[in-house]
Amino acid sequence: MISMPAKRPPVPLSRERIIDAALHIADGQGLRRLTMRRLGDALQVEAMAIYHHLPRGKEALMDALAEHVTAIQVDPAPTWQETARQWCRAQREALREHPGVLALALTKPPKGATAIAIMEQTEQLTDAGLSDAAEAVRTLRAFVFGSVAVEVQQSGWADPERDTWTRRDARADADFERGMDAMLRGLGG
């Protein structure tokens, strides 16, 4: 008698699985190709099953994706400059990791976990001695988001004519560090 391998039970659907699958589609095919039907196919569920985890549907999904790449938290460092530097680098990496949702990160107003992360960043910089921490956080966010937008644009990620895109660029890394240093000097001044 030949024994058949036991059939594996399906992986339960969760908000995290939905977001991971949506990020995979957005990063691989672009945000325009992310539909609830395509997402359901990727998760091997009916699209309607996604609504159990995201009752507002695609709008909630877009909010969750933006939050995923913008709700960055770091432990406070000894100085406000070091804390800000850690945050800028972590935010840059999160955005670069998911270029498919960069447009959402740039356009969705901060809410939920992102709003909490911004408050924490402001409190950390205030506690470390920076007088106008809220302005500093706004300025640094603008710098990081703009820097990553230029990087993604120059990488060829969204160019349908290119087969590959540059994920790492030493010049972009150096430009980012130089720009961040200048911003931090200006904010401390």
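Nothing here was measured: the structure is a model prediction, and the numbers come from that model.

Engineer: For this particular structure, what's the right way to read the packing of aromatic side chains?
Structural biologist: Centre-to-centre distance and the angle between the planes together describe a pair of aromatic rings. Within this structure, the stated rule accounts for one aromatic pair. Measuring from centroid to centroid gives 5.3 Å for phenylalanine 143 and phenylalanine 176, while their planes differ by 25°, and the two rings are stacked. Taken as a pair, phenylalanine 143 in helix H8 (residues 133–155) and phenylalanine 176 in helix H9 (residues 170–188) lie far apart in primary sequence, 33 residues in all. Of the two residues, phenylalanine 143 and phenylalanine 176, neither departs from the other in class, the shared state being buried.

Engineer: Sorry, what's going on with the environment of leucine 106 here?
Structural biologist: If you trace the backbone, leucine 106 turns up in helix H6 (residues 102–107). Residue classification places leucine 106 among the partly exposed positions, given a relative accessible area of 43%. Through-space distance from the C-alpha of leucine 106 to that of glycine 146 is 8.6 Å; in sequence the pair is 40 residues apart. The contacts of leucine 106, once residues within four sequence positions are left out, are Phe145 and Ala149.

Engineer: What's the story with the packing of helix H5 (residues 80–97) against H9 in this structure? I'm lost.
Structural biologist: Geometry of a packed helix pair, given as the angle between the helix axes and the separation of the axes. H9 packs onto H5 with a crossing angle of 145° between their chain directions and a minimal axis gap of 11 Å. Helix-helix and strand crossings are classified by hand; for H5 and H9 the assignment is right-handed. Contacts between H5 and H9 involve Trp80, Gln81, Ala84, Arg85, Cys88, Arg89, Arg92 and Arg96 from the first element and Ala172, Asp173, Phe176, Glu177, Met180, Asp181, Leu184, Leu187 and Gly188 from the second. Here the contact of H5 with H9 is built from residues that sort into eight nonpolar, two polar and seven charged.

Engineer: What am I meant to see in the side chain of arginine 141 here?
Structural biologist: Secondary-structure assignment places arginine 141 in helix H8. An unpaired buried charge is present at arginine 141: no salt bridge exists, and glutamate 67, the closest side chain of opposite charge, is 11 Å distant. Not counting residues within four places of it along the chain, the set of residues in contact with arginine 141 comprises Thr70, Trp87, Gln91, Pro110, Thr114 and Ile118.

Engineer: How should I be thinking about the nonpolar core in this particular structure?
Structural biologist: In summary, soluble globular proteins display a tendency toward joint burial of nonpolar side chains. If you look at the biggest cluster of nonpolar residues, it comprises 49 residues, and the most contacted ones within it are Leu39, Leu61, Leu65 and Val144. Elements supplying a minimum of two residues to this core: helix H1 (15–29), helix H2 (36–43), helix H4 (58–70), H5, H6, helix H7 (113–127), H8 and H9. Looking at which element gives the most residues to this core, the answer is H8, with nine residues. Apart from residues lying up to four places away in sequence, leucine 65 is in contact with Ile19, Ala22, Leu23, Leu34, Val101 and Leu104.

Calculation criteria
Residues numbered from 1 in each chain as written. Predicted model: local features only at pLDDT ≥ 70, side-chain atom pairs only at ≥ 80, totals over all residues. Heavy atoms only, no water. Phe/Tyr/Trp six-rings, centres within 6.5 Å; stacked < 30°, edge-to-face > 60°. Helix = DSSP H or I, 4+ residues; strand = E, 2+ residues; numbered from the N terminus. Buried < 20%, exposed > 50% of the residue type's maximum accessible area, 1.4 Å probe, protein only. Contact = heavy atoms within 4.5 Å. Axes fitted to C-alpha atoms, helices over the stretch in contact; angles between N-to-C directions. Left-handed = near helix turned anticlockwise from the far one by under 90°. Nonpolar A, V, L, I, M, F, W, Y, C, P; charged D, E, K, R; others polar. Lys, Arg positive; Asp, Glu negative; His and termini not counted. Salt bridge = Lys/Arg side-chain N within 4 Å of Asp/Glu carboxyl O. Core = buried A, V, L, I, M, F, W, Y, C linked by side-chain atoms within 4.5 Å.

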